[in-house]
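Letter by letter, the chains look like this.
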Amino acid sequence: MKLEWKTCFRVGISAFLLFLGIYYWGSVTKWAWLILGAAGPLLIGVIIAYVLNILMSYYERLYFPNSKKKGIIKSRRVICLVLSIVTMLGIVAAVLGLVVPELVASVQLLIKLALDWLPGALEDLSENQSLAELIPAGVWEALESINWKDLIGKAVQAVTDGIGGAVGTVAGVITSVFSTAVTVLVAVIFSIYLLISKDNLLSEGNRLMKVYLKPNLRGQVHHVFDVLNDCFHRYVVGQCVEAVILGVLCMIGMFIFRFPYATMIGTLVGFTALIPIAGAYIGAVVGAFMILTVSPLQAVLFVIYLTVLQQLEGNLIYPRVVGSSLGLPGMWVLAAVTVGGGLFGILGMLIGVPLAAAAYRLLKEDVERREEKEKGGQAHRRKRHHSQRKPEKETEKRPKQQPKNN
């Protein structure tokens, strides 16, 4: 095989870049995280656009799909986008409307109970002679010798000195809230631009691949993206179905066991269950806190009930619902959630399952293609071997010709 100078040049450049990446790995990762942080709003916008596109595509299939009128065709994208945004905002508003007022009322009730109970408890403690006898006399003498006025003055001075730090903390919180709000706003605006111009973006991407990629490689890239899109689409839909199932089961069980706030806590648990495996526990904490204002015993029983339900859901329902929609066995769903969560936390739990499903499908297709190719090769070899042996048999069966008599 003859080596061309272009091949040697490419190999040399690749080796040099690899050396630079390994030698300056710290700087490379630093700049990579810096770029990702700067592009954070855009990445969030891509995620929002992908989720909204599922709803928008559904509405587009319902919005006069067979109409040929130009007005309907032009307005289809905008109207369906608005409907998808209104739907998402309506779901979030409904959940917040159910949860936030009850949560605020529970906090106010706990504060009121604490304020009503604490003065009486301190008074009972001071009047209880048996408890006073248990406290050593030296402790009482030390408490009586304290200059409370001086101590309070020092406390006030410390609070005054800490006002500057508190102001800095408040300023940092305000800055963080403002930065988060700007990030969310930029992400939403970018997602709207993506959804409105998604057809143009797809056509431009296809043009770039036609120019820079060979036909075989272009077909493989298209297939990989199609598989990834299908897996993520099925995963989002399956995750929503699984969250509804868990919320309904939680609500039914709370009605059966007569737990308070059944409708509200069931809705909250279903909404937080969009985070795989661990999401329901987030709703469990808030639900237990609300039930605690009514009955501490019921709060403990609710935690036990939801823990059992979450184990059954995570090991039986979730792998079957999500795994069946993705074509991924339940064992690999559980493994993908576990590994993804261990590596990247909640984000790993969210993307681990669809990525594992895409890898599983691509690997399965490659194995089947190789098996078919091997079977075809074996059949061709058998056919070729049979065709080579057939003339020999015919010559063996052919009778010998007798010489002609002149």
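Note that the structure is predicted; figures quoted are calculated from it, not measured.

### Here we look at the overall build of the protein
And then number 1: Along the protein, the regular secondary structure elements total 14 helices and zero strands.
And then number 2: In sequence order, the secondary structure elements of the protein are arranged as α-α-α-α-α-α-α-α-α-α-α-α-α-α.
And then number 3: Buried positions account for 22% of the 406 residues belonging to the protein.
And then number 4: In the protein, the share of contacts with a sequence separation of at least 24, taken over all contacts with a separation of at least 6, comes to 70%.
And then number 5: Total accessible area on the protein stands at roughly 29,300 Å², and carbon and sulfur atoms take up 70% of it.

### Remarks on a nonpolar patch on the surface
And then number 1: A cluster of nonpolar side chains, namely Phe9, Ile13, Phe16, Leu17, Phe19, Tyr23, Tyr24, Trp25 and Val28, defines an oily patch on the protein surface of about 1,000 Å² accessible area.
And then number 2: Counting residues per element, the nonpolar patch draws most heavily on helix 1 (residues 5-23), which supplies six residues.
And then number 3: By the secondary structure assignment, tyrosine 24 is in the loop between helix 1 and helix 2 (25-38).

### Quick notes on helix 2
And then number 1: Look at helix 2: 20 Å from first C-alpha to last across 14 residues, which is about the 20 Å you get at 1.5 Å a residue.
And then number 2: When you tally the buried positions in helix 2, you get zero out of 14 residues, a small fraction of the element.

### A look at the packing of helix 2 against helix 3 (residues 40-62)
And then number 1: Two elements in contact, helix 2 and helix 3, have axes separated by 4 Å at closest approach and are oriented at 60 degrees. Judged by the angle between their axes, helix 2 and helix 3 are oblique. Two secondary-structure elements touch here, helix 2 through Leu36, Gly37 and Ala38 and helix 3 through Gly40, Pro41 and Leu43.
And then number 2: Among the residues forming the contact of helix 2 with helix 3, the class breakdown is four nonpolar, two polar and no charged.

### A few points about unusual backbone geometry
And then number 1: One non-glycine residue with positive phi stands out, namely phenylalanine 64, at about 45 degrees.
And then number 2: Note that phenylalanine 64 resides in the loop between helix 3 and helix 4 (70-127).
And then number 3: By relative accessible area, phenylalanine 64 is classed as partly exposed at 48%.
And then number 4: Even without being glycine, arginine 258 reaches a positive phi, approximately 60 degrees.
And then number 5: Here arginine 258 shows up in the loop between helix 10 (215-256) and helix 11 (262-272).

### Observations concerning the environment of isoleucine 91
And then number 1: On the secondary structure map, isoleucine 91 appears in helix 4.
And then number 2: Residue classification places isoleucine 91 among the partly exposed residues on the basis of a relative accessible area of 43%.
And then number 3: Each C-alpha atom, one on isoleucine 91 and one on phenylalanine 271, is 9.3 Å from the other, the two residues being 180 residues apart in sequence.

### Observations concerning the packing of aromatic side chains
And then number 1: Counted by the stated rule, this structure contains nine aromatic pairs.
And then number 2: Centre to centre, the rings of tyrosine 58 and tyrosine 59 are 5.9 Å apart; their planes meet at 55 degrees, and the pair counts as tilted.
And then number 3: What makes tyrosine 58 partly exposed here is its relative accessible area of 41%.
And then number 4: Here the aromatic cluster, defined as three or more aromatic residues joined through ring pairs, consists of Phe257, Phe259, Phe302 and Tyr305.

### Things to note about the side chain of arginine 77
And then number 1: Along the chain, the position of arginine 77 falls in helix 4.
And then number 2: The buried category is assigned to arginine 77, whose relative accessible area is 16%.
And then number 3: Among the polar contacts made by the side chain of arginine 77, one reaches the main-chain carbonyl oxygen of leucine 195 at a distance of 3.3 Å.
And then number 4: The contact partners of arginine 77, leaving out residues within four places of it in the chain, are Met56, Glu60, Leu195, Ile196, Lys198 and Asp199.

### Here's the deal with the packing of helix 10 against helix 11
And then number 1: It is the contact of helix 10 with helix 11, at a shortest axis distance of 8 Å, that shows an interaxial angle of 155 degrees. In terms of orientation, helix 10 and helix 11 fall into the roughly antiparallel class. Handedness of the crossing formed by helix 10 with helix 11: right-handed. Contacts between helix 10 and helix 11 involve Ala243, Leu246, Gly247, Cys250, Met251, Met254 and Phe255 from the first element and Ala262, Thr263, Ile265, Gly266, Thr267, Val269 and Gly270 from the second.
And then number 2: Here the residues of the contact of helix 10 with helix 11 sort into nine nonpolar, five polar and no charged.

### Here's the deal with the environment of leucine 292
And then number 1: Structurally, the position occupied by leucine 292 is in helix 12 (residues 279-292).
And then number 2: Judged by relative accessible area, which is 37%, leucine 292 ranks as partly exposed.

### As for the pattern of salt bridges
And then number 1: Under the counting rule described, the total for this entry stands at six salt bridges.
And then number 2: Close ionic contact of aspartate 230 with arginine 234 constitutes a salt bridge, the shortest N to O distance being 3.0 Å. Here arginine 234 and aspartate 230 lie together in helix 10, a separation of four residues that amounts to about one turn.
And then number 3: The partly exposed category is assigned to arginine 234, whose relative accessible area is 38%.
And then number 4: The partner of arginine 361 in a salt bridge is aspartate 230, with the nearest N and O atoms 2.9 Å apart.

### Looking at the side chain of lysine 198
And then number 1: Structurally, lysine 198 is set in helix 9 (residues 198-212).
And then number 2: Here lysine 198 is buried and forms no salt bridge, its nearest opposite-charge partner glutamate 60 lying at an N-O distance of 4.4 Å.
And then number 3: Side-chain polar atoms of lysine 198 contact the side chain of asparagine 53, separated by 2.7 Å.
And then number 4: If sequence neighbours within four positions are ignored, lysine 198 has contacts with Asn53, Met56, Ser57, Glu60 and Arg77.

Quick notes on the rules
Residues numbered from 1 in each chain as written. Predicted model: local features only at pLDDT ≥ 70, side-chain atom pairs only at ≥ 80, totals over all residues. Heavy atoms only, no water. Helix = DSSP H or I, 4+ residues; strand = E, 2+ residues; numbered from the N terminus. Buried < 20%, exposed > 50% of the residue type's maximum accessible area, 1.4 Å probe, protein only. Contact = heavy atoms within 4.5 Å. Areas by Shrake-Rupley, 256 points an atom, 1.4 Å probe, with all protein chains shown as cover. Patch = residues over 30% accessible without salt bridge, like charges linked within 9 Å, V, L, I, M, F, W, Y side chains within 5 Å. Salt bridge = Lys/Arg side-chain N within 4 Å of Asp/Glu carboxyl O. Expected span 1.5 Å × (residues − 1). Axes fitted to C-alpha atoms, helices over the stretch in contact; angles between N-to-C directions. Parallel < 35°, antiparallel > 145°, perpendicular 65-115°, else oblique. Nonpolar A, V, L, I, M, F, W, Y, C, P; charged D, E, K, R; others polar. Phe/Tyr/Trp six-rings, centres within 6.5 Å; stacked < 30°, edge-to-face > 60°. Polar contact = N/O pair within 3.5 Å; in protein donor to acceptor, adjacent residues only side chain to side chain. Left-handed = near helix turned anticlockwise from the far one by under 90°. Lys, Arg positive; Asp, Glu negative; His and termini not counted.

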